[in-house]
Amino acid sequence: MMEEEELEFVEGLEAVLQLTPDVQLAIEQVFPSQDPLDRADFNAVEYINTLFPTEQSLANIDEVVNKIGLKIRRLDDNIRTVVRGQTNVGQDGRQALEEAQKAIQQLFGKIKDIKDKAEKSEQMVKEITRDIKQLDHAKRHLTTSITTLNHLHMLAGGVDSLEAMTRRRQYGEVANLLQGVMNVLEHFHKYMGIPQIRQLSERVKAAQTELGQQILADFEEAFPSQGTKRPGGPSNVLRDACLVANILDPRIKQEIIKKFIKQHLSEYLVLFQENQDVAWLDKIDRRYAWIKRQLVDYEEKYGRMFPREWYMTERIAVEFCHVTSLQFSDLQTNSVKSEVCRRRGVC
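Counting from 1, residues in each chain are numbered in the order their sequence is written. Only residues with pLDDT of at least 70 are given local features in this predicted model, and only at 80 or more are side-chain atom pairs given and counted; all residues enter the totals for whole chains, interfaces and linings. Excluded from the side-chain calculations are hydrogens and water; all other atoms, namely the structure's heavy atoms, are used.

- Named according to an unreviewed UniProt entry, the chain is VPS53 subunit of GARP complex originating from Ailuropoda melanoleuca.

So, in structure tokens, the structure goes:
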């Protein structure tokens, strides 16, 4: 009965220890061995026959049994060591897992601290940037204010000086100052709602009006409309006045040019009236001789008084041609009328 139970136990153990070919191959690759006991197709009968091939070899059975027993004890010791090692590995694994969890928690805490610090740093940078923008705006406004105050100081002083120089007829200084005052005044167009700025602007306009009237009066005095007498030479005051007229309303410049040319050609209108012998077409060479002398006389006396960009010589020549054309037209018309009257016997 006992032998049957042991046989069943051995068969059951063999069934449990029966490994698949793949597993067996893997074990052989990891733990290569030449021991017949490690073979998957181990046969006990063949192994015993190998140990005791003859009856005489049975005399060493005790020695063989002792070796096998020693080997079994070593295997038992190795198995116990491995089992204990596996037990310790489990404990070490749990400990390592706990330590890893603690490390992960610590790492998570550090990451959270870094994130909090990053958010604080970002907020700090935003605040610093906001402060820098405010300071930049303040700097820009302060610079604008200082520039505006400087312009206002220049404008106020310039207007006072402009009025004083206008009264003294210092046209040379006025020409430079007036342009500067007008340039500065352009910066205050958007501030005209302020009474003080508006008052300064009105003073500048009044000074410009006074300058225009004063310059026209000076030219009228120097070149009167009545009579043909002209001064002997140009005036430095009038030369500077022309520079001022360039800055004033263009109508002032046109009025000066118109009056001067009219006065300059007034002698021509008298000399070459319709009732004069030299007025006829056959004496036209005298007209050109006269304008030639006048242009030479102008260049000598007044060439430096009027600015070059006014083209006074050209304007005089053009007006001379225009007046001459009108005179010839009138002469021809009157000549035709006289001839018609003579034929009809009416005149």
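## A look at the overall build of the chain
Part 1 of the reasoning: For the purposes of this entry, the term helix denotes a DSSP run of H or I that reaches at least four residues, the term strand denotes a run of E that reaches at least two, and both are numbered from the N terminus. Tallying secondary structure elements over the chain gives eleven helices and zero strands in all.
Part 2 of the reasoning: Mapped from its N terminus to its C terminus, the chain presents α and β elements in the order α-α-α-α-α-α-α-α-α-α-α.
Part 3 of the reasoning: Residue burial in the chain is summarised as follows: out of 347 residues, 22% are buried.
Part 4 of the reasoning: In the chain, of all internal contacts separated by at least 6 residues, the share reaching a separation of at least 24 is 69%.
Part 5 of the reasoning: Of the accessible surface of the chain, which amounts to about 25,800 Å², a share of 57% is contributed by carbon and sulfur atoms. When accessible area is computed with a 1.4 Å probe and restricted to protein chains, residues below 20% of their type maximum are described as buried, those above 50% as exposed, and intermediate ones as partly exposed. It only takes one pair of heavy atoms within 4.5 Å for two residues to be counted as in contact. We get accessible surface area from the Shrake-Rupley algorithm with a probe of 1.4 Å; when it comes to residues, only the shown protein chains can shield them.

## Some points on the packing of aromatic side chains
Part 1 of the reasoning: Only Phe, Tyr and Trp rings take part, Trp by its six-membered ring, and two of them pair if their centres are within 6.5 Å. Stacked means planes under 30 degrees apart, edge-to-face means over 60, and tilted covers everything else. Tallied over the full model, the rule gives 15 aromatic pairs.
Part 2 of the reasoning: On the basis of an interplanar angle of 25° and a centroid distance of 6.1 Å, the ring pair of Phe219 and Phe223 is categorised as stacked.
Part 3 of the reasoning: The class for Phe219 is buried, based on a relative accessible area of 5%.
Part 4 of the reasoning: Overall, Phe223 belongs to the buried group, its relative accessible area being 4%.

## Looking at helix 7 (residues 236-247)
Part 1 of the reasoning: Multiplying 1.5 Å by the residue count of a helix minus one yields the expected span of that helix. Relative to the 16 Å expected for twelve residues at 1.5 Å per residue, helix 7 spans 18 Å between its end C-alpha atoms, a close match to the ideal helical length.
Part 2 of the reasoning: Looking only at helix 7, the buried set comprises Leu238, Asp240, Ala241, Cys242, Val244, Ala245 and Ile247.
Part 3 of the reasoning: Structurally, helix 7 contributes buried residues whose contacts are with helix 5 (171-186), helix 6 (195-222) and helix 8 (250-264).

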